[in-house]
Amino acid sequence: KTMSSYGGDGGYRPGVGDMPGGWAPGAIVKRSNAPNGMEVGIDFPFVCEVCLGPNPYVRMVKGKPGDKICKISGRPFTTFRWRAGAGGRWKECMVEASVAKDKNICQACLVDMTYGVPVGVRDALLAAGADSNALAVATSDPNSSFYWQQKDALAATNPDGNGSLQNLEPSRQLLHMARSIQAQDHKQTTAWRNLPKLCSFWLAGTCSRVVQHKCPFRPCNGTFEFPELAATHKELRTALIDRLKKEGAVTVMRDLDPDTKEALHNAGKGNKEAAIKKRYDGSDDLTKRYLRRAREEMPNLEAPKDMNITSLWVGGVEALIEENDLKDVFYSFGEVRSIKLLPDRKCAFVDFTTREAAELAASKLHRALVVKGIKLDLDWAKPSAPKPAPTTTATPGELLPVPGLVGNAPRPPPLPAAMQMRLAASVSNNNFVPTPPPGAPPSEDSSGPNAPKRSRLQGPPPPPPRPPQYPSMDPTRLGAKRS
């Protein structure tokens, strides 16, 4: 299977069907074995066709070796920079090529190269399951370097990618979602990920280039599209686009309503590096929305194998929904043990006393849970993480075992009786008198007529400490005379 002519070694074409598409195994070869002397990841980035833009002739700028740090592995790599079309934004690689090849994702947008879906959605809906010989993910910075060294060694021994994610058998859900996303992308003239950035000066109402039609950012350049509001504020997005088409960017900039301005400001907040890590791990908001849509399209919720799980997760709970409102909906399916509301996360957990009641509620309320006119999401709750073992405290004179050692060293045997007598005699001959600890209060009989006489061996009491003397305290230091 051959690929298109993007980038010398072949480009990317989504192959959504019975057989996965993406990069052909023969396209990712070493530079010495490539027919044109180019290697993907060194001479050309590992990116998808959507990020390249509509123009088949792309001019790229290759950075200096090691001029950027990978957000996932923490290693320096060579980045590429290009423009995704005439009116698109400038794009660059966010992760190194070895990380992208290991996950089979685009270096720029972190989207799966085979199905065109976010990597978290791909991992969650892939029916083949995880590899049993996979390495444990590094959870600390010192282990990250060793982890990716092992990944590079595995990739060198298996250059064709056998057993990688792009060769696994897809599930029906994954194929259906990939086709729907691909059909949605075809309706748009420019992919949302390639749109120019939002003009911050226009949002603040101070853009001077929009009057001269020289601003290259949205919406000053005539691109009236706002992906920032597509998921959370659909009505504001539609109203803003309609107003821009009627009045223009200059008039709307001078009189932008506060709600839309605040929504655009909140959408641009956040840490970019943390957002890239969340997208790579599949914990970002976009992945959660796609998985929620996949759950809604399922005919029934799949019950967990652990029969001890009797709790249901309810998502999209607004502030006006109270505990009694949820109890009125769920009590008819069985006895409810507890209902826990989490307002900051906009969710709740409903715990039943029996597994049968939880399964009945999940089957009846799936895609049909509406409380106070608000449609809520329903899913099985995940098992809680095991609690750490309680730490033991050592009693006086007892030593706790050190992790990694066999055990505490045994106590030394007691000294012979003859040696103990010799030590006692040497102490008595030296007239050793133990001194009281510092700060100990004097006894009641330490003063007065009945006070015991001071021992001759103890000596007179020490004189009181003198105050410290500094050079500045000398009156003749600066030439003064004493009277």
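Here we summarise the structure given alongside this text.

Thresholds, definitions, all that
Residues numbered from 1 in each chain as written. Predicted model: local features only at pLDDT ≥ 70, side-chain atom pairs only at ≥ 80, totals over all residues. Heavy atoms only, no water. Helix = DSSP H or I, 4+ residues; strand = E, 2+ residues; numbered from the N terminus. Buried < 20%, exposed > 50% of the residue type's maximum accessible area, 1.4 Å probe, protein only. Areas by Shrake-Rupley, 256 points an atom, 1.4 Å probe, with all protein chains shown as cover. Pairing = 2+ DSSP bridges. Axes fitted to C-alpha atoms, helices over the stretch in contact; angles between N-to-C directions. Contact = heavy atoms within 4.5 Å. Phe/Tyr/Trp six-rings, centres within 6.5 Å; stacked < 30°, edge-to-face > 60°. Lys NZ or Arg CZ within 6 Å of the ring centre and 35° of its normal. Salt bridge = Lys/Arg side-chain N within 4 Å of Asp/Glu carboxyl O.

Looking at the overall build of the protein
Now for step 1: Tallying secondary structure elements over the protein gives 14 helices and 11 strands in all.
Now for step 2: Counting only residues that meet the buried cut, the protein has 32% of its 483 residues in that class.
Now for step 3: A total accessible area of about 32200 Å² is found for the protein, and carbon and sulfur atoms account for 55% of it.

Some remarks on the sheet that holds strand 11 (residues 377-380)
Now for step 1: Taken together, four strands build an open sheet; the order of strands is 7-8-6-11 and the sheet is antiparallel. Since the sheet does not close on itself, it has two edges, and those belong to strand 7 (336-342) and strand 11, each with one partner. Between one strand axis and the next, the sheet turns through 20 degrees on average, direction left out of account.
Now for step 2: Relative to strand 8 (residues 347-352), strand 7 runs antiparallel, the two being bridged by six bridges. In the strand pairing of strand 8, Ser338 is matched with Asp351.
Now for step 3: The strands touched by helix 12 (residues 323-330) are strand 6 (311-315), strand 7, strand 8 and strand 11; relative to strand 7, the strand with the most contacts, the crossing angle is about 140 degrees.

Description of the pairing of strand 11
Now for step 1: Residues Asp377 and Asp379 line one face of strand 11 and the alternating positions Leu378 and Trp380 line the opposite face, and both faces are buried.
Now for step 2: Strand direction decides the pairing type here: strand 6 and strand 11, joined by four bridges, are antiparallel. Across the sheet, Trp313 pairs through a bridge with Asp379, a residue of strand 11.

Let's talk about the packing of aromatic side chains
Now for step 1: Under the definition given, this model contains one aromatic pair.
Now for step 2: With 6.2 Å between their ring centres and 65 degrees between their planes, Phe330 and Phe352 make a pair best called edge-to-face. Here Phe330 is found in helix 12, whereas its partner Phe352 is found in strand 8, with 22 residues between them in sequence. Each of the two residues, Phe330 as well as Phe352, counts as buried.
Now for step 3: A cation over an aromatic ring shows up here: Lys103 above the ring of Tyr280, its NZ or CZ 5.1 Å from the ring centre.
Now for step 4: Taking NZ or CZ as reference, Arg355 lies 4.9 Å from the ring centre of Trp380, over its face.

A few points about unusual backbone geometry
Now for step 1: Here the residue pair Arg218 and Pro219 is connected by a cis peptide bond, since its omega of -15 degrees sits within 30 degrees of zero.
Now for step 2: Note that Pro219 resides in the loop between helix 6 (200-204) and helix 7 (234-247).
Now for step 3: For His213, which is not a glycine, the phi torsion comes out positive at approximately 60 degrees.
Now for step 4: The backbone of Arg367 sits at a positive phi, close to 65 degrees, despite the residue not being glycine.
Now for step 5: On the basis of relative accessibility, which here comes to 46%, the residue Arg367 falls in the partly exposed class.

Observations concerning the environment of Glu49
Now for step 1: Among the secondary structure elements, Glu49 is positioned in helix 1 (residues 49-52).
Now for step 2: Taking the C-alpha atoms as reference points, Glu49 and Cys106, 57 residues apart in sequence, are found 9.3 Å from one another.

Remarks on the pattern of salt bridges
Now for step 1: In the structure shown here, the tally under the stated rule is 13 salt bridges.
Now for step 2: In this structure, the salt-bridge partner of Arg122 is Asp112, at a minimum N-O distance of 2.4 Å. Of this pair, Arg122 sits in helix 3 (residues 119-125) while Asp112 sits in the loop between helix 2 (97-103) and helix 3, and the two are 10 residues apart along the sequence. Here Arg122 matches Asp112 in class, with each residue buried.
Now for step 3: The salt bridge involving Asp325 is made with Lys372; its shortest N-O contact spans 3.0 Å. With Asp325 in helix 12 and Lys372 in the loop between strand 9 (370-371) and strand 10 (374-375), this pair connects stretches of sequence that are 47 residues apart.
Now for step 4: Here Asp325 falls in the buried class, since its relative accessible area comes to 18%.

Brief notes about the sheet that holds strand 5 (residues 90-92)
Now for step 1: Pairing is antiparallel in the open sheet, where three strands are placed in the order 1-4-5. Lying at the two open borders of the sheet, with one neighbouring strand each, are strand 1 (60-62) and strand 5. Adjacent strand axes in the sheet meet at a mean angle of 20 degrees when their direction is disregarded.

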